[in-house]
Amino acid sequence: MVDGAGTSGVGVLWRMPLTDQDWIRAFARQALSDLRVRDLLQQANVEKCHRLHFLQMAAEKICKSHLIRENGRGNVQNVHTYTAKILPIIARQFYSRPGRKAAIPHWELSAIRHLAYEIEKLAPACDAGDLRPDNSEYPWEDSRGQVCVPCEYNFPSVDDGIGGKSAKAMVDLIRLMREAAEHYAK
Amino acid sequence: MAKLQTASELAKGHFAIDPSVRRVILLEPVKEDDPEVPIKLLEVVEGTIERGIEPVSFASDPANGVDYPVVIVEISPREFEEIAAESSQLREDLEKRGWWMGQELAV
């Protein structure tokens, strides 16, 4: 028998209604899987677009998990524009949980805010009014009339490398995302 | 650039950008001759979320002078004390991955 499903005495299929908590956990579990794939893609040194794509998808699902928790699923729109606003809120929230000694450092919150903004823009639906057509999934036409292919593009606005200035913040962002997703998945 | 030197440069960079970094320890084995084996850094960071031994992987980044894949394991000072103890769960978790603490990288 499928979880939450069964039959009544007269053979009519009945189903437990899905709750917000079911969806919160589901989005969080999928986000954790996205993060695991992001790690595998880094280890395999695949093209940056794929690494960023899984990071973007994980971020979006964690934010969705958070929003359903706060507002209920019925009040959460099916859009991609959550990450820039919600990830820094999640960061502050998780760094100020009981038992923690330190608030999130200012530099780190700024770096996470910047990364969250850039990660949000990776979704093809978030092209900022065609000002930012670059995205991690589909080819686009650049300002010189050339076709750009994600797997051949360097995405200079999102530094996910270990040698760049954002590396330290990226480590902390990923750890934060895992922490939040595991918390919401419970 | 050799792995050890690359590790030192990374550690210096992380000390410089994050004042909360207290110590950076190179995790063994380094396997200097095998470029596929990642550099593994154990970073002790004040105020970090305590999540145990949780590696974050990075591909090599030759454009920024890093020719090897890198793994960062960030822990709190309290967790570091636990790892430094003779027997602890965190130390076991590290050893299960076949890693052990090597030299400390200077600021």
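Keep in mind that what you see is a predicted model, and the values were worked out from it rather than measured.

Peer 1: Talk me through the sheet that holds strand 5 (residues 100-105) of chain B; I want residue IDs and the actual numbers.
Peer 2: All names here are of chain B. The 5 strands are arranged 3-4-2-1-5 in an open sheet whose pairing can be described as mixed. Both edges of this open sheet fall to strand 3 (56-58) and strand 5, since each of them pairs with a single strand only. Ignoring strand direction, the axes of neighbouring strands in this sheet form an average angle of 30°. Pairing between strand 2 (residues 39-45) and strand 4 (residues 70-75): 6 bridges, direction parallel. Of the residues in strand 4, the one forming a bridge with L41 is I72.

Peer 1: So what's going on with the interface of chain B and chain A? Which residues, and what values?
Peer 2: Accessible area lost during the coming together of the parts is what is often quoted as the interface size. With 26 residues of chain B in contact, the opposing surface of chain A contributes 28 residues. Together, the buried faces of chain B and chain A total about 2400 Å²; carbon and sulfur atoms form 54% of this surface. When the buried surface of chain B facing chain A is broken down by residue, I49, R51 and F58 of chain B rank first, second and third, together holding 28% of it. Summed over the shared surface of chain B and chain A, the number is 8 salt bridges. Contributions of two or more residues to the side of chain B that touches chain A are made by helix 1 (3-17), strand 2, strand 3 and strand 4 of chain B. A breakdown of the residues in the side of chain B that touches chain A according to their chemical character gives 13 nonpolar, 7 polar and 6 charged.

Peer 1: Hey, could you go over the environment of A16 of chain B for me, with residue numbers and the actual values?
Peer 2: Residues and elements named next belong to chain B. Residue position: A16 is located in helix 1. Among the residues examined, A16 registers a relative accessible area of 68% and is labelled exposed. Separated by 86 residues in sequence, A16 and G102 have C-alpha atoms that sit 22 Å apart.

Peer 1: Give a detailed account of the confidence of the model for chain A, specifying residues and quantitative values.
Peer 2: Across chain A, the average pLDDT comes to 86, with 87% of residues at 70 or higher. In the model of chain A, strand 1 (residues 5-7) of chain A stands out as the element of lowest mean pLDDT, 52, in contrast to helix 1 (residues 20-43) of chain A, which has the highest, 97.

Peer 1: Just give me the short version of the environment of E82 of chain B, but keep the residues and values in it.
Peer 2: If you trace the backbone, E82 of chain B turns up in helix 2 (residues 77-84). Residue contacts for E82 of chain B: discarding those within four places in its chain leaves S88, Q89 and L90 of chain B.

Analysis parameters
Throughout this document, residue positions are counted from 1 along each chain, in the order its sequence is written. Note on labels: chains are lettered from A, ligands numbered from 1, in written order. Given that this is a predicted model, residues contribute local features only at a pLDDT of at least 70 and side-chain atom pairs are listed and counted only at 80 or more, while totals for whole chains, interfaces and linings are drawn from all residues. Based on all heavy atoms of the structure, the side-chain values leave hydrogens and waters out of the count. A strand pair is defined by DSSP finding two or more bridges across the two strands. Numbering of helices and strands runs from the N terminus, with a helix taken as a DSSP run of H or I at least four residues long and a strand as a DSSP run of E at least two residues long. Between N-to-C directions, angles cover 0 to 180 degrees, with each direction set by a line fitted to C-alpha atoms, over the stretch in contact for helices. When checking whether two residues touch, look at their non-hydrogen atoms; a contact exists if any pair is within 4.5 Å. The term buried area denotes the loss of accessible surface (1.4 Å probe radius) that occurs when two parts are joined, taken as the sum for both partners. Think of a salt bridge as a Lys or Arg side-chain nitrogen and an Asp or Glu carboxyl oxygen that are within 4 Å of each other. Residues are grouped as follows: Ala, Val, Leu, Ile, Met, Phe, Trp, Tyr, Cys and Pro are nonpolar; Asp, Glu, Lys and Arg are charged; every other residue, Gly included, is polar. Per-residue accessibility, obtained with a 1.4 Å probe over protein chains only, is compared with the maximum for each type, and a residue is labelled buried under 20%, exposed over 50%, and partly exposed between these values. Looking at any residue, its pLDDT shows the predictor's confidence there, from 0 to 100.

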